[in-house]
Structure formats: structure tokens, C-alpha cells
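Fold and contact review
Listed here are the chains, written in short residue letters.
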Amino acid sequence: MDMFQSLPDPQSAAHWCRQQLARNKQIGYVPTMGALHRGHLSLVECAVQDNDVACVSIFVNPLQFTQPDDLQEYPRTMQRDIALLQQVGCKMVYSGTLPQFFPEVADVNAMLARARRGDLPSHSSVAMHGLEGEFRPGHLQGVWAIVERLFDTVGPCNAYFGEKDFQQTLVVKDLAKRFPHIKVVVRPTVREPSGLAMSSRNSHLSTAQLRVAAKLYQALLAAKRAWHDGVRNADEIEWLMRSKLQDARIRVEYAVVRDTANWSALPPNDTDGTTWEQARALVAAYVGTVRLIDNIALN
Ligand code: AMP
């Protein structure tokens, strides 16, 4: 059986992947920023199960952080992550630095400055607009840039992503149209017993804040209940989520309902209800200084 490998840069990872392909091995791949939790591990377990070999990248991508403090404070637990990955049967983990990921870029600091200004190339993914695209300008462009490079590195594979970052999954699916040998697999959100979506950022929350953060899921469940009770008025559902969050003194960035078929807002008053088949409620809110996102399908 192949030994587990922890590789220091994308070049050695690309070599490992090419070797697997040469041996006709199907690769399952999970891109992450580390500080692994059960949500990440559920993706890795799937990658292990559905493929001949599974690999993971751990890279806290500076291009997708618009705030330098947020990047600085992002949790990093590399040794622990490596041990967890070995336990679940992952065969290779790799990391790298920004210059290693973009060796052709002469001045990565200039690239980073552009990313922070929201000035990286914008791509023709309709999902880049609104919500995360609006409240974190440049974030999704930074995601696009790194995932494109990660896909280049790993090559043909099944690539696993979490529904927790729903808008990101839409952007990645658009990106993957350029990679005919990469199949994007989207997996459900893994939650704490309280309903709180697992997130590396949860480690910044105190016990009291963790209780408050669980209200995000409560607000989404309220939206889903309203949908089941026949409400087809987007304004009403959005107001309901907002009021639940505000009651818990959570600062809301957005609490909206979207038609995921074409990433558009739902008509405020849709009596016939046909556009609601693929409706999803999405929220972004701050608990203390920690920004959390979550979403749920209404249907
Ligand atoms: P991140 O390390 O936050 O960039 O996440 C890496 C991958 O794990 C992304 O595809 C995320 O959507 C996914 N992920 C993060 N949290 C969860 C969760 N609670 N359940 C399932 N997948 C998740």
C-alpha cells in the first residue's frame, strides 16, 4: 500500500498526481484552507470512498481575504490536520506559498494588492454577483484564481466541495466548465448538534457566542417552515429571517432568498410558485467580530 505523503509545494503535488494517473488511479481531491473539522473530513471520506486515491490541499489563500487582519487571524493547525487526514485514509496532502502557486507572476505582492482592491480579473460567472460578491468584493475572484491553479495542479479528478459555501460551489462549477476532466461533487453541510454549520472560524467563538451563532440555522429553519406552510413571498421570508437574527442581537449582512437556477432574486410576490422549486435561503452575519455564512434549500 502507498505511504501517506505530505508534500511541501504544488510542483511535487502535480508530480504525485501524474504518477497516480499513469497508474490508472482515479483521484479524489478536496481543496481546503486547513484547520480541519468534521465538515472537511466528510468530504475527504467521500473522496476516499469514491476514488482509488484521495488527496487534499491546505492553503490559506491570501487572494480571497479582503482584510489583512482576517488573513492573519485565520486558524492554522497543520500538524493536527495531517494526523486527521492520515486517519481517514487520505494519501497525499500538499501546501505551498503564493509564489509557489503562481511562479509565473513576477510580483506576487502586487497581485495581492490587486486582490485586496477587488481588482483581479472578473470572470463570466453570474454567481460572482451579489451576496458574497457584494459584501466581500474580490473574494470570489480570489477563489477563482486559486481553484483554477489547484485544478491545474491536480489535473483530472473528482473534486469535492461543501454546500456550506453555496455561492462558491456555483462559481466553482462555472470554472470547472474549463476543465472537462474534473467533476465537481457538492456535499451537504455538516453541523454541530446545535445546528451551527461547522466552520474553521467557529474556533474564534466563545461558548456563549457559539450558542448565539446557532441562531443562524434557526433562522434558516424558520424560512424553510414558512415555505412549507405555503409562503411564497420573498420579502416575508427575508423579514422573518432578519427578525430572528436581530432578536438574537446578530448583525445581519444579508438574509435573502434566491432562485438558484439562475442566481436571481425571487419575485417578491409570486403567487404561482413555479420559480420557487430551487429556492434557497442564504445568510451572512456577524457574531462578535466573526463573520458566519449558512444556507438551506427551501424545497
Ligand atoms: P475551507 O477550508 O473553509 O475553504 O473549506 C474547504 C471545503 O470544505 C469547502 O468546499 C467548504 O465548503 C467545505 N466545508 C466547510 N465547512 C463545511 C461543513 N460544515 N460541511 C461540509 N463542507 C464544509
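Residues numbered from 1 in each chain as written. Predicted model: local features only at pLDDT ≥ 70, side-chain atom pairs only at ≥ 80, totals over all residues. Heavy atoms only, no water.

1. With respect to the site of the ligand
Not every one of the 16 residues close to the ligand is listed here, only the nearest: M33, H40, D165, V190 and M198. The separation between an oxygen atom of the ligand and a polar side-chain atom of H40 is 2.8 Å. Between an oxygen atom of the ligand and a main-chain N or O atom of G162, the distance comes to 2.9 Å. Protein chains bury 93% of the 490 Å² of accessible surface belonging to the ligand in isolation. The set of elements that each furnish at least two residues to the shell around the ligand consists of β2 (27-32), α2 (38-50) and β5 (157-162). (Near = heavy atom within 4 Å. Polar contact = N/O pair within 3.5 Å; in protein donor to acceptor, adjacent residues only side chain to side chain. Areas by Shrake-Rupley, 256 points an atom, 1.4 Å probe, with all protein chains shown as cover. Helix = DSSP H or I, 4+ residues; strand = E, 2+ residues; numbered from the N terminus.)

2. Looking at the nonpolar core
Soluble globular proteins tend to bury their nonpolar side chains together. If you look at the biggest cluster of nonpolar residues, it comprises 50 residues, and the most contacted ones within it are Y29, L63, Y94 and F151. The greatest single-element share of this core, amounting to 9 residues, is contributed by helix α8 (residues 139-154). The contact partners of Y29, leaving out residues within four places of it in the chain, are A47, C55, V56, S57, Y94, L150, F151, V154, C157, N158, A159 and Y160. (Core = buried A, V, L, I, M, F, W, Y, C linked by side-chain atoms within 4.5 Å. Buried < 20%, exposed > 50% of the residue type's maximum accessible area, 1.4 Å probe, protein only. Contact = heavy atoms within 4.5 Å.)

3. Regarding unusual backbone geometry
Keep in mind that most residues, glycine aside, have a negative phi and that most peptide bonds are trans. You will see that A35, though not glycine, has its phi angle at about 50 degrees, which is positive. Position of A35 relative to the elements: it lies in the loop between β2 and α2. What makes A35 buried here is its relative accessible area of 10%. Of note in the backbone geometry, R249 takes a positive phi value of approximately 60 degrees without being a glycine. If you trace the backbone, R249 turns up in the loop between α12 (234-247) and β7 (251-259). We classify R249 as exposed; its relative accessible area is 78%.

4. Some words on the side chain of T153
Checked against the element boundaries, T153 lands in helix α8. Looking at T153, the relative accessible area reads 11%, which means it is buried. A polar side-chain atom of T153 sits 2.8 Å from the main-chain carbonyl oxygen of R149. Those residues within four positions of T153 in sequence are excluded, and the remaining contacts are P10, A13, A14, C17 and Y94.

5. Observations regarding the pattern of salt bridges
The final tally for this structure, using the stated rule, is 12 salt bridges. With a closest N to O distance of 3.4 Å, E148 and R178 form a salt bridge. One end of the pair, E148, is in helix α8; the other, R178, is in the loop between α9 (166-176) and β6 (182-187), and 30 residues separate them in sequence. What makes R178 partly exposed here is its relative accessible area of 46%. Each of the salt bridges in this network shares a partner with another, and the network as a whole consists of D70, R136 and R201. (Salt bridge = Lys/Arg side-chain N within 4 Å of Asp/Glu carboxyl O.)

6. Considerations on the sheet that holds strand β8 (residues 264-265)
Taken in spatial order, the 4 strands line up as β8-β7-β9-β10 in an open sheet, and their pairing is antiparallel. With one partner strand each, in any of the chains shown, β8 and β10 (290-297) form the two edges of the open sheet. Pairing of β7 with strand β9 (residues 279-287), which is carried by 8 bridges, proceeds in the antiparallel orientation. Along β9, the bridge assignment pairs A255 with V283. Contacts from helix α11 (residues 215-228) reach β9 and β10, with the element oriented near 25 degrees to β10. (Pairing = 2+ DSSP bridges. Axes fitted to C-alpha atoms, helices over the stretch in contact; angles between N-to-C directions.)

7. Focus on the packing of α11 against α12
Contact pair α11 / α12: the axes reach a minimum separation of 9 Å and the direction vectors enclose 155 degrees. By the angle between their axes, α11 is roughly antiparallel relative to α12. Crossing handedness for the pair α11 and α12: right-handed. Facing α11, whose interface residues are K215, L216, A219, L220, A222, A223, A226 and W227, α12 presents I237, L240, M241, K244 and L245. Per-class residue counts for the contact of α11 with α12 are 11 nonpolar, no polar and 2 charged. (Parallel < 35°, antiparallel > 145°, perpendicular 65-115°, else oblique. Left-handed = near helix turned anticlockwise from the far one by under 90°. Nonpolar A, V, L, I, M, F, W, Y, C, P; charged D, E, K, R; others polar.)

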